[in-house]
Structure formats: C-alpha cells, structure tokens
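# Report on the structure
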Amino acid sequence: MVTKFSRVFALFLALAVVVAVASPAMAQDARVTVTSQKSFDQTVSQLKSNVSQGGMMIMATVDQGNMLSMTGLKMRATLFLVGNPNVGKKLFEQNHAVGLYIPLRVFIYESTDGKTYLSYDKPSAVLGQFKNEEINKTAAMLDQKLEGLAQMSTH
Amino acid sequence: MKKYFWIATVLLLAAGGPKIFPAALAGYSTLPVLALRLLLPAIAALFVVTLVIWRSQPTIARAVAWGAVAGVLATVPLEVVRLIGFHFDYMPGNLPRLMGVLLLDRFAQGPSTASDIAGWTYHFWNGASFGIIYAVLFGTRRWLGALYGLLLGIGFMLSPVVTSLGVGYFGLQYSYGFPVTVTLAHLAYGVTLGWLLARFLAQDRASGLRSCRTCFPVPGAAPKAIS
C-alpha cells in the first residue's frame, strides 16, 4: 500500500517538475528575438516600409520609450500592432477569442548593451492553443510573414 | 442677493477646470471630451462673466482677475518644488506631461511638444482657478494661503489622480518623498498665492477688497464704490 502510494506520489512529483520546467521553455520557444544590424531608428523605419510590402499594415503604434519618459526612464522602445483585416477575418471567423493575440505584436527596442532587437511571439505558438485546423494554417502562414519581416527589417 | 448669485457663478466656473482631470481618471469620461465640453466653455464663460460684472460687481470681478494672475504666478514655485521632487524620483510621473498626452488623446505615442504645451497650460490654468477661488473666498487674508495650499495638497493625494497612479493614498506605496513633495509644493503655492493676493488686491482700490477682505459683504466694512 505504502509502495503504491509512493509510486503515485513520485509520478505526480515528476509531472509537476516537467510542467514547471516546460512552461518557461515553451514561452521561450514562442518568442523570437532578432538582433538588428541597424540602428533603432533605421530598424523602425525599415519595419514600417516592409510591413506594407508583406501585405500587412501597422494598425497601432505604442511608443513605450516616449511614454515612459513621463516617469523619468530613458529608453527607446516601440511596440507595433501589425495585421491584415482579411487575414484577421479568417481567424475571427473561427474563434472570436483570437482577438487577444490579433493584431500581432512586434516590438523593437534598444537594449542596455546598445544593440537594437526586434522581438515577437510566433503566431503558431500563441494561436496553437485554440486547437483549430484553420487557425493553425493561418498561423503558420503568419509565422513565415513575420520571419521575413523581421529579417528584412534587421538586415 | 445678486452678489451671491455672481459669487456662486464665478466659483462654479472656476472649479470646472480642476475637476475634469480627476473626473476623467475616475472613468466618468475622457479628458479630451471633458476639456471640450466643460473646460473650454467654463473658461469662456468665466471671461464673459468677469467682463459683464466688471462695473456692477467690481469686488468680484477684480477678485477673479487678480486671483487668476496670482494663481498662475503661484504655480511657478509649486512647479519648482515638484520638478525637484521628480528629479529625485519622489514622484511616480511628470503630471503636466501626463495631462498633456491625455488631453490630446495620444497616450500610446507618448508626449510631444504640443501635448507638453497643452499639459502645462492646463496645469497653470488649474493654478489660476484655485487662485480665483481663493481670492473670492478669502480675499486679502495672507496667511490663510498656507492652509489653503495644504488642503489642496491633501485633496490631491486623496483624489482619483493619485489612485490611478497606483501609488496608494498619499502615495505612500511609492515613496515617503511623494507626500513630502506634494505637501511642500502646494504649501509653496498657497503661501505665494496668499502673499501675492494681499499685495495685488490691497493696491487695487477699485476692488474694494482692502476694506471688506473677501467678496462676501462684511458688516461694517462695505466695499468702496467706484468713483
């Protein structure tokens, strides 16, 4: 009886450890960070022009660096909400809850090491949780679009 | 009776400006909407009312004019203290800049020159508004300005503005320097306001405030008539 209980307890413990270790790893896989070979301003400028070439548009810009200047913090960072209404429509038709992740977020920031980074969450990673074939297909297409956009804007 | 009507009108219009910022942060509406529908009409109406009563109610009209001037000037020492506090990180944010981005509805883009001008103009108008209210209610009572400033500071720290900054009542969750900076800044405002108004109103013979001390009629000390 004690042995059986110990085995169940050990199994439960092992599962808990796996979940605890795997969660940050999955989050790490979801986030893509590309080091830019350009300055912050050039990267932002490139992203703006490349977005439209990739069949998307910038729907909103959040100048977090400028916003935070009101608190006395000096940093350069801008968040872009990018998307395409037609692609968005396909996703929303499947599940309205995708609005939590759509439009996609692309973040460009200058780190303390002086380098500029472009970062985003892989659409397939965040949209995969809906377990919907149509959403997965569109997410895979968006993965490619964002990858291309990131490469063009940072190189 | 007419006098009380004009006093009430002036106080109501002057109080309109400072109210819209906490009202917006409390979620009643947005700052641009409140500025367009309440602040700007209130400023225009106050200007018109002051002109209309310039001759018939000189005590009130002069209190409005000098109160606005003294209020704007008294905001300068408040700003000096506040900026020093901000420099030492005692304040969670630069409030006039925040007012500006909210006024122009550009929070996401952060402050710009235009939003800074709008924010500081609104901040100084608030100073003018409280100056008008003080001049109408307390006239040349010089040292009451310190108490008035302290009350404004306490009122600010208990307002939805500070609540929305997420620093708790009196900003104690942020730093002990916050209530100290706010109190000293408003004390500087109040003391300067009381001192300036005592000088301005005492020198303006037409205001009648030298004899009656406030806009409210005091028995045995009727305002002087304009010759």
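This text follows the structure it describes.
Residues numbered from 1 in each chain as written. Chains lettered and ligands numbered in written order. Predicted model: local features only at pLDDT ≥ 70, side-chain atom pairs only at ≥ 80, totals over all residues.

## Notes on the overall build of chain A
Basically, it comes down to this: Here a strand is any run of E in DSSP of at least two residues, a helix any run of H or I of at least four, and the numbering for each starts at the N terminus. Exposure is read from a count of other C-beta atoms within 10 Å of each residue's own; the residue is exposed at 12 or fewer, buried at 20 or more and partly exposed in between. C-beta atoms are placed from the backbone. Once C-beta atoms have been placed from the backbone, residue pairs whose C-beta atoms lie within 7 Å are recorded as contacts.
The helix and strand inventory of chain A stands at 6 helices and 5 strands. Listing every helix and strand of chain A by position from the N terminus yields α-β-α-β-α-β-α-β-β-α-α. For chain A, with 155 residues in total, the buried portion stands at 23%. Restricting the contact set of chain A to residue pairs at least 6 apart, pairs at least 24 apart contribute 62%.

## A look at the packing of helix 1 (residues 2-25) of chain B against helix 2 (residues 31-52) of chain B
All names here are of chain B. Formally: Only the stretch in contact is used when a helix axis is fitted, and all axes are lines through C-alpha atoms; the angle between N-to-C directions ranges over 0 to 180 degrees. What sets the label is the angle itself: under 35 degrees gives roughly parallel, over 145 gives roughly antiparallel, 65 to 115 gives roughly perpendicular, and the rest give oblique. The hand of a helix crossing depends on one turn: near helix anticlockwise from the far one by less than a right angle means left-handed, and clockwise means right-handed.
Two elements in contact, helix 1 and helix 2, have axes whose closest approach is 9 Å; the angle formed by their N-to-C orientations is 165°. Our classification of the angle between helix 1 and helix 2 gives roughly antiparallel. You can see that helix 1 and helix 2 cross each other, and the crossing is left-handed. Of helix 2, the residues touching helix 1 (which contributes Thr9, Val10, Leu13, Ala14, Gly16, Gly17, Ile20, Phe21, Ala23 and Ala24) are Leu31, Leu34, Ala35, Leu38, Leu39, Ala42, Ala45, Leu46 and Val49.

## What about unusual backbone geometry?
Cis geometry is adopted by the peptide bond preceding Pro103(A), which originates at Ile102(A) and carries an omega value of 0°. Looking at the element boundaries, Pro103(A) is found in the loop between helix 4 (85-94) and strand 4 (104-110). Positive phi values are uncommon outside glycine, yet Asp89(B) reaches one of about 65°. Locating Asp89(B) in the fold gives a position in the loop between helix 3 (58-87) and helix 4 (95-103). For Asp89(B), a count of 13 C-beta atoms within 10 Å puts it in the partly exposed group.

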